[in-house]
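Notes for the structure review
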Amino acid sequence: MDLLILGIESSCDETGVALVRSAGGAVPALLAHALHSQVAMHRDYGGVVPELASRDHIRHVLPLMTQVLRESGESLSNVDVLAYTRGPGLAGALLVGAGVACALGAALDRPVLGVHHLEGHLLSPFLSAAPPEFPFVALLVSGGHTQLMRVDGVGRYGLLGETIDDAAGEAFDKCAKLMGLSYPGGPALSRLAEHGSATAFKLPRPMLHSGDLDFSFAGLKTAVLTQARKLGDSLEAHKADLAASTEAAIADVLVSKTLAALGQTGIGRVVVAGGVGANRRLRSQLDAACAERGLRVHYPELHLCTDNGAMIALAAAMRLQAGQQEASRDYAFDVRPR
Ligand code: KG4
Ligand code: ZN
């Protein structure tokens, strides 16, 4: 079945809108996508302010939709399904995307589909030039989640391991904050790390030898704080080294556990998704380790690593294609913040 799907992402601090065409069993095609980042707005507060996020989504979602329709040459009346992020995320922010999708659905008499944000990330590498094949292991590393999953098909996901405290992105962000870097900390810390030595400071690799596929990053944050306090006034001079050492500690754990997951499942393919998947050190370490072992690694395109509407439209398209879920004309929209 040929379907034109409009996807809306508004779970946190990016407003994303995209149009995807799904035809038969082929990988859905991305026709256009547009994104508005709120990063600059939240920077002054050192983190996302939920109320400001919701208001900003309201300001941008319809203009972004107009832009996507114009760029794709499609008209709103041709849209068959409206997809939105149902959760997890900030409740008020999610309600904007859900409200707009359901209102448009009701007005156009088209069905709507709520998508799990993480499923969007998980499937996002299908929009790359060399999409993965099932089954694969997924390393899902975002600001709120760190999970290893076994993926046997659309909607067929098994949790292999996850963080018992902070997420990897959260660890990046918190350590960056301790070093006085601006929000969002992950990319800032990573940029600084390029000028530092990854072996300058000896930082812990929590749960590296725990024997399971779970993660823990809270101890690393404490170790970085202790180190920063020890450095005192000389922190500034050693900041790049501390950033590089922190980044290496996080990457080492992520790579090591991912290899263990591939070993345990006997699967030869891994997909990395979520904002931390944009991290260069993680990519190069994982690429090298997998190349050595004859394993394949798939990433979403760099600009689709962080939150975006394309992955939401794509996940909806793939769910519908797989017959896993039906779009509905129940416009009493619901969101699942957690
Ligand atoms: O997937 P995402 O955009 O939003 C969530 O669903 O959480 O991920 C955001 C997270 C933030 O913690 C951010 O600091 C981190 O991804 N991040 C990075 C990089 N780019 C984004 N962390 C390390 N290195 C990067 N280059
Ligand atoms: Zn995300």
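Reading guide: rules and limits
- Sequence order sets the numbering: in each chain, residues are counted from 1 along the sequence as written.
- Starting at A for chains and at 1 for ligands, labels are handed out in the order in which the entities are written.
- Owing to the predicted nature of the model, reporting of local features is limited to residues with pLDDT of at least 70; listing and counting of side-chain atom pairs is limited to 80 or more, with chain, interface and lining totals taken over all residues.
- Residues are called buried when their C-beta atom has 20 or more other C-beta atoms within 10 Å, exposed when it has 12 or fewer, and partly exposed otherwise; all C-beta atoms are positioned from the backbone.
- Only DSSP runs of H or I reaching four residues or more are called helices, and only runs of E reaching two or more are called strands; each is numbered from the N terminus.
- We call two residues in contact when the distance between their C-beta atoms, placed using the backbone, is within 7 Å.
- The criterion for a residue being near a molecule or strand is simple: its C-beta atom, placed using the backbone, must lie within 6 Å of it.
- Each residue gets one of three labels, nonpolar for Ala, Val, Leu, Ile, Met, Phe, Trp, Tyr, Cys and Pro, charged for Asp, Glu, Lys and Arg, and polar for the others, Gly among them.
- Axis lines are fitted to C-alpha atoms, over the contacting stretch for helices. Their N-to-C directions set the angle, which ranges from 0 to 180 degrees.
- For classification purposes, an angle smaller than 35 degrees is called roughly parallel, one larger than 145 roughly antiparallel, one from 65 to 115 roughly perpendicular, and anything else oblique.
- By convention, the crossing between two helices is left-handed when the near helix turns anticlockwise from the far helix through less than a right angle, and right-handed when the turn is clockwise.
- Only buried residues count toward a nonpolar core: Ala, Val, Leu, Ile, Met, Phe, Trp, Tyr and Cys, linked into one set through C-beta atoms within 7 Å.
- Note: domain ranges come from an automatic or database domain assignment.
- Any two strands with at least two DSSP-identified bridges between them are counted as paired.
- UniProt positions are given in the numbering used here, feature names are shortened, and annotations may be inferred rather than shown by experiment.

1. So, helix α6 (residues 185-193)
Burial of α6 is extensive: seven of the nine residues sit out of reach of the surface. Buried residues of α6: Gly185, Gly186, Pro187, Leu189, Ser190, Leu192 and Ala193, and no others. Along its buried surface, α6 packs onto α5 (168-178), α8 (235-265) and α9 (280-293).

2. Quick notes on the site of ligand 1
Near ligand 1, the surroundings consist of 20 residues, among which Gly143, Gly169, Gly186, Gly275 and Thr306 are the closest. Secondary structure elements with two or more residues in the shell around ligand 1: α5 and α6. In terms of residue count, α6 provides more of the shell around ligand 1 than any other element does, four residues in total. Of the residues contributing to the shell around ligand 1, the split by class is six nonpolar, twelve polar and two charged.

3. Section: the packing of α5 against helix α7 (residues 218-231)
Two quantities define a packed helix pair, namely the angle between the axes and the distance from one axis to the other. Contact geometry for α5 and α7: axes closest at 10 Å, N-to-C directions at 15 degrees. If you check the angle between α5 and α7, you find them roughly parallel. Classified by chirality, the crossing of α7 by α5 is right-handed. Contacts between α5 and α7 involve Ala171, Lys174, Cys175 and Leu178 from the first element and Leu220, Lys221, Val224, Leu225 and Ala228 from the second. Across the contact of α5 with α7, the residue classes tally to seven nonpolar, no polar and two charged.

4. Some words on the nonpolar core
Core analysis: the biggest nonpolar cluster contains 106 residues, and Ala83, Ala101, Ala138, Ala313, Leu314 and Ala316 have the highest contact counts within it. Top contributing element to this core by residue count: α8, with twelve residues. There are two domains that each give this core at least three residues, and those are domain 1 (3-123 + 305-321) and domain 2 (130-299). Those residues in contact with Ala138, other than ones at most four positions away along the chain, are Leu122, Met149, Val151, Val271 and Ala273.

5. Quick notes on the pairing of strand β5 (residues 112-116)
Counted residue by residue, β5 has four buried out of five residues, so it is predominantly covered. Bridge analysis of strand β4 (residues 81-87) against β5 gives five bridges, and the strand direction is parallel. Across the sheet, the residue bridging to Ala83 is Leu113, located in β5.

6. A closer look at the UniProt feature "binding site: substrate" (unreviewed entry) in the protein chain
UniProt's feature table lists "binding site: substrate" (unreviewed entry) at Leu140, Val141, Ser142, Gly143, Gly144, Asp173, Gly186 and Asn279, given in the numbering used throughout. Note that Val141 resides in strand β6 (residues 136-141). Here Val141 falls in the buried class, since 31 other C-beta atoms lie within 10 Å of it. The contacts of Val141, once residues within four sequence positions are left out, are Thr146, Ala168, Gly169, Leu254, Gly274, Val276 and Gly277. One can find Ser142 in the loop between β6 and β7 (146-153).

7. A closer look at the UniProt feature "binding site: Fe cation" (unreviewed entry) in the protein chain
Sites flagged by UniProt as "binding site: Fe cation" (unreviewed entry) map to His117, His121 and Asp307. Taken together, the annotated residues stretch across 191 residues yet fold into one region, lying no more than 8.7 Å apart by C-alpha. Along the chain, the position of His117 falls in helix α4 (residues 117-123). With residues near it in sequence (within four places) discarded, His117 still touches Ser11, Thr85, Gly87, Pro88 and Gly89. Position of His121 relative to the elements: it lies in helix α4. His121 gets classed as buried once you count the C-beta atoms within 10 Å, which come to 29. Excluding residues that lie within four positions of it along the chain, His121 makes contacts with Leu140, Ser142, Ala273, Gly274 and Met311.

8. Quick notes on the sheet that holds strand β9 (residues 269-273)
Backbone-to-backbone hydrogen bonds join strands into a sheet, with any given pair of strands oriented parallel or antiparallel. Ordered by their spatial adjacency, five strands build an open sheet running β8-β7-β6-β9-β10, and the pairing between neighbours is mixed. Of all the strands in the sheet, just β8 (156-162) and β10 (296-298) have a single pairing partner and so form its edges. On average, adjacent strands in this sheet sit at an angle of 25 degrees to one another, irrespective of strand direction. Relative to β7, β6 runs antiparallel, the two being bridged by six bridges. Bridged to Phe136 within β7 is Val151. Its contacts with the sheet put α8 on β6, β7, β8 and β9, and the angle it makes with β6 is roughly 155 degrees.

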